[in-house]
Amino acid sequence: MSERSPAALAAYALAALLALFELAVLWQALHPNVSADYRAYYIDRTTTCLPQPVTGDYALGTELDFRSGGDNTRETRPCGWDGPAGDGMHSIGETSRLRLAIGRRQNLTLMLELTGVTLPGPAQQRVVISVDGKKLREIAVTPDKTERFTIPVPIDALDEDGFADIALDYPDAISPGKRVANTYWRSVKLTAASLSPA
């Protein structure tokens, strides 16, 4: 077969196309076009909480019960929760999130009722609370002791999207066993929450 035959030229063209396709796939693998949440969870591994789409359906001022048999809170929990159980919604990983509809921006008060887990670990669990990416306060939760915390949420901490996206970060989260991935670590149990006008 001559090097200039149509069959040889077609084979070279096919090889060039395959090489270009593989280069494009390699480029995409090295520079994926993904959301910030996807990148943080799967690529950078800077979070253990991959938010799922939820409606955030919530009536401002309502106290939600997160225990089994309590309110249906599924549409307010994007990620980081396991349950519900009789003693509350157990956190999993190093971050948990709540998404609550608030309508117009205004000064609010966040109430969280939390209990520390009783796994062997620190004497208290630190919980860093942020709203719409802005840190508001750090609290300490005691194992097997249920406490209510009220946190002011100033209007300038809220975005204009009509929701409060609340993050609870757990710097002292505890691994429940050897070789357990940090996406399953434990910290607190949430039994109730509300967001009310200040």
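Check the entry above for the structure.
Residues numbered from 1 in each chain as written. Predicted model: local features only at pLDDT ≥ 70, side-chain atom pairs only at ≥ 80, totals over all residues. Heavy atoms only, no water.

Draft legend 1. Structural context of the overall build of the chain. Within the chain one finds two helices and 10 strands. Along its sequence from the N terminus, the chain presents helices and strands in the succession α-α-β-β-β-β-β-β-β-β-β-β. The C-alpha extent of the chain, read off along each of the three principal axes, is 85 × 45 × 30 Å. Here the chain, with 198 residues, has 39% of them falling under the buried criterion. The contacts in the chain between residues at least 6 apart in sequence include a share of 67% that link residues at least 24 apart. Of the roughly 11200 Å² of accessible surface on the chain, a fraction of 54% belongs to carbon and sulfur atoms. If you average the places of the 20 positive and of the 24 negative side-chain charges in the chain, the two averages end up 4 Å apart. (Helix = DSSP H or I, 4+ residues; strand = E, 2+ residues; numbered from the N terminus. Buried < 20%, exposed > 50% of the residue type's maximum accessible area, 1.4 Å probe, protein only. Contact = heavy atoms within 4.5 Å. Areas by Shrake-Rupley, 256 points an atom, 1.4 Å probe, with all protein chains shown as cover. Lys, Arg positive; Asp, Glu negative; His and termini not counted. Charge placed at Lys NZ, Arg CZ, Asp CG, Glu CD.)

Draft legend 2. Region of the structure containing the layout of surface pockets. In this structure, the largest pocket occupies an estimated 330 Å³ of space. The wall of the largest pocket is formed by 21 residues, among which Asp37, Pro51, Thr95, Arg97 and Ala167 lie closest to the centre. Among the elements of the structure, strand 4 (95-101) and strand 9 (163-169) are those that each provide at least two residues to the lining of the largest pocket. Class assignment for the residues of the lining of the largest pocket results in five nonpolar, eight polar and eight charged. In this structure, the second largest pocket spans a volume of roughly 200 Å³. Forming the boundary of the second largest pocket are 14 residues, of which Leu50, Cys79, Gly80, Trp81 and Ile92 lie nearest the centre. Class assignment for the residues of the lining of the second largest pocket results in eight nonpolar, four polar and two charged. (1 Å grid on protein atoms, 1.4 Å probe; cavity = no way out; pocket = protein on both sides within 12 Å on 5 of 7 lines; lining within 4 Å. Points joined across faces, edges and corners; volume = space filled by probe spheres on them. Nonpolar A, V, L, I, M, F, W, Y, C, P; charged D, E, K, R; others polar.)

This is a description of form; function is not addressed.
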